[in-house]
Amino acid sequence: MSGNLFWVFVVVAIVGIALIASAGKKEAGAKEWPAAVQWGYIALLVGCFGVLSSWMSFSAVMLVIVLVTGFGWALDKFYLAGRRAPGEEPGHMVDNAKGFFPIILVVFLLRSFIAEPFQIPSSSMRPGLIVGDFILVNKFTYGIRVPVLNKVVVPVHEVARGDVAVFNFPPNPRVDYIKRVIGLPGDTVEYRNKSLTINGKAVPDVADGTYDYLEQGLAMIRNDQYIETLPSTPEAKTYKVLKIPQAPVYDPAQVRDFPYRDNCQYAEDGFVCKVPQGNYFMLGDNRDNSLDGRYWGFVADDLLVGKAFLIWMNFGDFSRIGMKIE
């Protein structure tokens with residue numbers, strides 16, 4: 001989050017506190033608190049969420065808010081309610097915590113264990129996914145995981161080559177990335193002269209015409225399109241990838257230092273990486289316009305978020321709604 005946005009959320013939180021403090025008392029017999037109180041707590045919630053997001057992941061912030069509002073709900077249910085006089089109502093702090101808690105809890109559980117929405121921010125997964133696609137990610141596919149810690153407690157399915165996976169970006173886990181799983185633990189992934197090899201076997205790709213797109217509304221990018229078939233289990237995965245013939249295989253200046261960096265060897269015509277245990281190697285389908293594993297290394301299992309499976313909205317192209325992600 002930028003510094004300016006951080007201070008915007010700080011101001012929103014302060015405004016919320018000011019609204020709550022300046023609001024009058026609840027009128028006798030009224031069902032609702034004054035509007036200033038209600039809007040004040042909404043502003044306080046939004047402001048706190050934004051501020052905490054500067055240091056924590058989205059899931060961690062959600063957990064903090066669930067715990068805080070849940071404490072207010074439990075305090076009232078098991079202690080304060082029994083001490084109030086007949087007809088006496090709880091204070092606005094407890095009352096709003098009780099109101100927010102079930103809603104936030106349901107959202108937290110849905111995001112943690114069932115499905116989570118994401119928006120595609122870049123062209124790295126073209127042609128399958130384009131900027132503006134809103135997608136759903138199955139959080140259940142790779143096992144039931146402890147929220148925030150993301151450790152598997154109930155295994156469900158193994159990660160498969162060819163899956164389109166969302167994960168926490170290894171250099172900055174508060175950011176979510178989406179790429180295709182190319183290498184599993186123990187695999188040797190080689191990419192030279194625009195040709196992909198896994199464990200010594202070339203991955204077939206068949207020319208499929210060209211694909212042009214406007215990048216950030218500024219430049220038309222012309223690509224050669226290929227149909228790539230990746231060996232996987234239980235069946236091979238077939239999908240489309242893009243390549244620019246004159247572009248280099250990678251940009252050496254962007255290669256970072258990363259864990260297990262010694263597992264990779266780089267040369268002018270490409271690179272080869274041995275995937276360590278408990279990790280995966282990811283590439284974007286838009287091979288010459290993707291910041292992926294060739295630059296920042298491997299994705300540890302506890303950084304996986306889930307498997308992308310459906311485009312549920314694109315406000316710029318309604319025809320994409322309902323498309324399955326291959």
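Given the structure is predicted, the values throughout are model-derived calculations rather than measurements. (Residues numbered from 1 in each chain as written. Predicted model: local features only at pLDDT ≥ 70, side-chain atom pairs only at ≥ 80, totals over all residues. Heavy atoms only, no water.)

A. Region of interest: the sheet that holds strand S10 (residues 205-215). The three strands lie next to each other as S10-S11-S12, forming an open sheet whose pairing is antiparallel. Both outer strands of the open sheet, S10 and strand S12 (237-243), are each paired with one neighbouring strand and no more. Strand after strand, the sheet turns through a mean of 30° between neighbouring axes, direction not considered. (Pairing = 2+ DSSP bridges. Helix = DSSP H or I, 4+ residues; strand = E, 2+ residues; numbered from the N terminus. Axes fitted to C-alpha atoms, helices over the stretch in contact; angles between N-to-C directions.)

B. Fine view of the packing of helix H2 (residues 35-52) against helix H4 (residues 92-113). Two elements in contact, H2 and H4, have axes separated by 11 Å at closest approach and are oriented at 55°. Taken together, H2 and H4 sit at an angle that is classed as oblique. The hand of the H2/H4 crossing is right-handed. Residues Val37, Tyr41, Ile42 and Leu45 of H2 form the contact with H4, whose own contacting residues are His92, Met93, Asn96, Phe100 and Ile104. When its residues are assigned to classes, the contact of H2 with H4 shows seven nonpolar, two polar and no charged. (Parallel < 35°, antiparallel > 145°, perpendicular 65-115°, else oblique. Left-handed = near helix turned anticlockwise from the far one by under 90°. Contact = heavy atoms within 4.5 Å. Nonpolar A, V, L, I, M, F, W, Y, C, P; charged D, E, K, R; others polar.)

C. Structural context of a nonpolar patch on the surface. A contiguous nonpolar patch, built from Val146, Leu149, Val153 and Val154 and spanning about 320 Å² of accessible area, is present on the exposed surface. Along the chain, valine 146 turns up in the loop between strand S3 (144-145) and strand S4 (152-154). Taking relative accessible area as the criterion, valine 146 reaches 30% and is therefore assigned partly exposed. (Patch = residues over 30% accessible without salt bridge, like charges linked within 9 Å, V, L, I, M, F, W, Y side chains within 5 Å. Areas by Shrake-Rupley, 256 points an atom, 1.4 Å probe, with all protein chains shown as cover. Salt bridge = Lys/Arg side-chain N within 4 Å of Asp/Glu carboxyl O. Buried < 20%, exposed > 50% of the residue type's maximum accessible area, 1.4 Å probe, protein only.)

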